[in-house]
Amino acid sequence: IFFAGSIKVSNNIFVSGGVTAGGAVKAGGSVTAGWDVTAGGDVKAGGDVTAGWDVKAGGDVTAGWDVTAGGAVKAGGDVTAGWAVKAGWDVKAGGSVTAGGAVTAGWSVTAGWSVKAGGSVTARGAVKAGGSVTAGGDVKAGWDVKAGGSVTAGWDYGIYVGLSVRVSQKVQ
């Protein structure tokens with residue numbers, strides 16, 4: 001599906017190919033595509049946002065439940081999910097990455113500002129934030145954890161890093 005403007009539906013968007021809009025993609029239910037979900041503006045769904053490959057937005061990516069991509073989740077603004085943010089490759093946001101549950105990436109989690117998860121933050125490569133990295137569970141990275149602010153893991157959890165931790169403020 002391709003629209004030069006915005007796509008807005010009160011229920012679900014389900015396509016076997018891709019969803020592309022020059023403006024926003026908004027659904028009261030879920031947005032599900034076999035390939036990419038791409039918007040020049042925001043991608044917003046009351047349910048899940050799911051793509052077989054990438055979810056890309058010039059603005060925010062917001063889901064009431066999960067944001068899931070087989071490839072990458074990329075937003076010029078924030079990436080926000082009521083439960084989980086999951087990507088086979090990267091999660092990248094110009095603003096913050098926030099999830100009620102876990103944030104998981106096959107390679108890296110990168111945010112211009114903060115990464116916040118009620119569960120764990122996990123990346124096979126690096127976890128990077130211009131501000132803070134906060135998790136109710138573990139913070140795990142195969143390579144680096146880099147934060148302009150603090151890195152905090154839940155009470156009974158830890159920070160597990162394969163190579164280095166670079167933090168401007170404190171590690172808790």
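Residues numbered from 1 in each chain as written. Predicted model: local features only at pLDDT ≥ 70, side-chain atom pairs only at ≥ 80, totals over all residues. Heavy atoms only, no water.

A. Summary view of the packing of aromatic side chains. Tallied over the entire structure, the rule returns one aromatic pair. Here Trp89 and Trp107 contribute two aromatic rings whose centre-to-centre distance is 6.0 Å and whose plane-to-plane angle is 15 degrees, an arrangement assigned as stacked. Here Trp89 is found in the loop between strand 15 (85-87) and strand 16 (90-93), whereas its partner Trp107 is found in the loop between strand 18 (103-105) and strand 19 (108-111), with 18 residues between them in sequence. (Phe/Tyr/Trp six-rings, centres within 6.5 Å; stacked < 30°, edge-to-face > 60°. Helix = DSSP H or I, 4+ residues; strand = E, 2+ residues; numbered from the N terminus.)

B. Representation of the nonpolar core within the structure. Ile13, Val25, Val43, Val61, Val79 and Val133 are the most contacted members of the largest nonpolar core, which totals 49 residues. With sequence-adjacent residues up to four places away left out, Ile13 is seen in contact with Ile7, Val19, Val25, Lys26, Ala27, Ser30, Val31 and Thr32. (Core = buried A, V, L, I, M, F, W, Y, C linked by side-chain atoms within 4.5 Å. Buried < 20%, exposed > 50% of the residue type's maximum accessible area, 1.4 Å probe, protein only. Contact = heavy atoms within 4.5 Å.)

C. Here's a closer look at the sheet that holds strand 16. A sheet is described by the order of its strands in space; here ten strands give the open sequence 1-4-7-10-13-16-19-22-25-28, paired in parallel fashion. Strand pairing shows two members of the sheet lacking a second neighbour, strand 1 (2-3) and strand 28 (164-167), which therefore form its edges. Looking at chain direction, strand 4 (residues 19-21) and strand 7 (residues 37-39) are connected through three bridges and run parallel. Within strand 7, the residue paired with Thr20 across the bridge is Thr38. (Pairing = 2+ DSSP bridges.)

D. The pairing of strand 16, seen in detail. Pairing of strand 13 (residues 73-75) with strand 16, which is carried by three bridges, proceeds in the parallel orientation. Considered in strand 16, the bridge of Lys74 is made with Lys92.

E. Structural detail: the side chain of Ser108. Positionally, Ser108 belongs in strand 19. Residue classification places Ser108 among the buried positions, given a relative accessible area of 8%. A polar contact is formed between the side chain of Ser108 and the side chain of Asp90, at a distance of 2.8 Å. Apart from the residues lying within four places of it in its own chain, the contact partners of Ser108 are Trp89, Asp90, Val91, Ala123 and Ala126. (Polar contact = N/O pair within 3.5 Å; in protein donor to acceptor, adjacent residues only side chain to side chain.)

F. Examining the sheet that holds strand 12 (residues 67-69) more closely. Strand order across the open sheet formed by nine strands is 3-6-9-12-15-18-21-24-27, with parallel pairing between neighbours. Every other strand in the sheet has two partners, leaving strand 3 (13-15) and strand 27 (159-161) as the edge strands with one partner each. Neighbour-to-neighbour, the strand axes of this sheet turn through a mean angle of 5 degrees, independent of strand direction. Pairing geometry for strand 6 (residues 31-33) and strand 9 (residues 49-51), over three bridges, is parallel. (Axes fitted to C-alpha atoms, helices over the stretch in contact; angles between N-to-C directions.)

G. Structural view of the side chain of Ser114. With respect to the helices and strands, Ser114 occurs in the loop between strand 19 and strand 20 (115-117). With relative accessibility at 1%, the residue Ser114 sits in the buried group. Side-chain polar atoms of Ser114 contact the side chain of Ser96, separated by 3.0 Å. Those residues in contact with Ser114 that lie beyond four places of it in its chain are Gly95, Ser96, Val97, Ala129 and Ser132.

H. Region of the structure containing the pattern of salt bridges. Applying the stated criterion to the full structure yields six salt bridges. Taking the shortest distance from any N to any O, the salt bridge between Lys86 and Asp66 comes out at 3.4 Å. Taken as a pair, Lys86 in strand 15 and Asp66 in the loop between strand 11 (61-63) and strand 12 lie far apart in primary sequence, 20 residues in all. Under the relative-accessibility criterion, Asp66 is labelled buried at 15%. Note that Lys140 and Asp138 form a salt bridge whose closest N and O atoms lie 3.6 Å from each other. Asp138 gets classed as buried once you look at its relative accessible area, which sits at 11%. (Salt bridge = Lys/Arg side-chain N within 4 Å of Asp/Glu carboxyl O.)

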